[in-house]
Amino acid sequence: MGSDFEVPTTAALNDMYESLKNWGRWGDDDERGALHHLTDAHRTAAAGLVRTGQCVSLSHDLATEPMPEHPYPVQHHMLASGDARDANGIPGYEAARDHLALDIHGLYTTHVDALSHIFVRGEMYGGRPASDVRSDGARSNTILSLAQGVIGRGVLLDIPRALGQDFLDTGEVVTLADLHAAEASQNIRVQPGDILLVQWGREARRLAKRSFDGFSGLHAECLPFIHERQVAVLGSDGISDPMPFVGTTEWPFPVHQIGITAMGLHLIDNMRLAELSERCAATGRWEFLFTMNPLRIAKGTGCPVNPVAVL
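The rules behind these values
Residues numbered from 1 in each chain as written. Predicted model: local features only at pLDDT ≥ 70, side-chain atom pairs only at ≥ 80, totals over all residues. Heavy atoms only, no water. 1 Å grid on protein atoms, 1.4 Å probe; cavity = no way out; pocket = protein on both sides within 12 Å on 5 of 7 lines; lining within 4 Å. Points joined across faces, edges and corners; volume = space filled by probe spheres on them. Nonpolar A, V, L, I, M, F, W, Y, C, P; charged D, E, K, R; others polar. Helix = DSSP H or I, 4+ residues; strand = E, 2+ residues; numbered from the N terminus. Polar contact = N/O pair within 3.5 Å; in protein donor to acceptor, adjacent residues only side chain to side chain. Contact = heavy atoms within 4.5 Å. Pairing = 2+ DSSP bridges. Axes fitted to C-alpha atoms, helices over the stretch in contact; angles between N-to-C directions.

Any chance you could break down empty space enclosed by the protein for me, citing the residues and the numbers?
Remark: the empty space left among the atoms is shown by a probe the size of a water molecule rolled over them. Evaluated as defined, the whole model comprises two cavities of 30 Å³ or more. Roughly 90 Å³ of internal volume is contained in the largest cavity. What lines the largest cavity is simply Glu 69, Trp 200, Arg 202, Arg 205, Arg 206, Ser 211, Phe 212, Gly 214 and Phe 215. Of the voids in this model, the second largest cavity is the one considered here, and its volume is about 30 Å³. What lines the second largest cavity is Val 174, Val 198, Trp 200, Gly 217, Leu 218, Ser 236 and Ser 240. Looking at the lining of the second largest cavity, its residues break down into four nonpolar, three polar and no charged.

Okay, here's the thing in C-alpha cells:
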C-alpha cells in the first residue's frame, strides 16, 4: 500500500490488456462497454437508497483562471451583459448571454471520458480504428453512449480514511489491498453495476501542500478487481491513473489505456469527493443514488459533468 508497490512490466500489462478485453462481449456493434453492467433493475434498486434526499455535487467549479494542473482554463465571455442589456435589438428585451470554450479533458475540469478518448496501438474500444476520430469529431464510441444518463448505485471507497491517513501523497498509489481494506473498514462490497468512486484525498493534499507535483491513483493491479466486480463506471478525485505514471513507456496510463480501450470502462476524472466522504462517514453509509447526465455532444470524446449523489 502507499509507496510500497511493484511497477508492472510491459509483458504483464500486455497480458492484462488481452485478458480484460470486453470486445464483442455485447455484440460487434457495442459502444457502451461496461455500462451494460448497469441494468434497469440496478437503477430501480438504487432509487431505494435515498434516505434524506440531500444532494451533494461531485464537481469542481469550471476554472477560468490558470493553475499548475490547469494551464488552459475555461474561456468564459459575455455575449450580452447588464451594462448593455438593451443591445439585443429587440425593444423591451433585456438579457445576458454567455459563451464558454474549454478543453474537456485534462487534470482539473470534472469530466467523463467517452470510449473514443483513448487509443492503444491505433485502436479504441471494440477494435475500431483511431481514424474514426477525425478533426471534426468521433464517428464511433462517442459520448452519446451516455445520452440516457448514468443513474445507479454509487459507492465511495475512501482510501486515506481506511489507512488512517489524511491523503495519499504523490508517489503513493492505491493498491488492490487498499481497495479491500476500504471495503472492510466501510462494511461495503462493490457489486455488479456499481458506479465506483475512489478517493485518494486530492482536496486534503491541496490544503496541506499548497502545490501541485502530481497525483496518486490506482495501481494497474486494481483493474482485474474492477473487471471481476463488473463495475459500470469508475470515478476518482484525480484521473484514476497516478502521475508520475506507474507503468512503462508503452503503458504510461494503464487505467485509461486498459480500462477504457480494453474494458469499455467510462472514467470520471477530477471529481470533488471530500464533502461526500464527510457526509458518508457521518452516517456510516457509503452507498447512495448516483446521477450524471452528460450533454449530448455529437461526435464528442468526453463531456464536462456535474455528477450528484443523492443521500
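Once the structure has been displayed, the description carries forward.
I'd like a description of the side chain of His 256, backed by residues and values.
Positionally, His 256 belongs in helix α7 (residues 254-262). Here the side chain of His 256 touches Asp 113 through a polar contact of 3.2 Å, side chain to side chain. Excluding its chain neighbours within four sequence positions, the residues that come into contact with His 256 are Asp 113, His 117, Ile 118, Ile 239, Asp 241, Thr 261, Leu 267 and Asp 269.

Tell me about the sheet that holds strand β4 (residues 111-113), and name the residues and values.
Across a sheet, strands are paired by hydrogen bonds formed along the backbone, either parallel or antiparallel in direction. Taken together, the nine strands give an open sheet; going across it, the order is β1-β13-β11-β7-β8-β9-β10-β4-β12, and neighbouring strands pair in mixed fashion. Each of the sheet's edge strands pairs with one partner strand only, and the pair in question is β1 (55-57) and β12 (302-304). Taking the axes of each pair of neighbouring strands and ignoring which way they run, one obtains an average angle of 25° across the sheet. With two bridges joining them, β4 and strand β10 (residues 266-269) adopt antiparallel strand pairing. Looking across to β10, one finds that Val 112 is bridged to Ile 268. Most of the contacts of helix α4 (residues 176-186) go to strand β7 (residues 150-158), to which it runs at about 95°, and overall it touches β7 and β8 (195-199).

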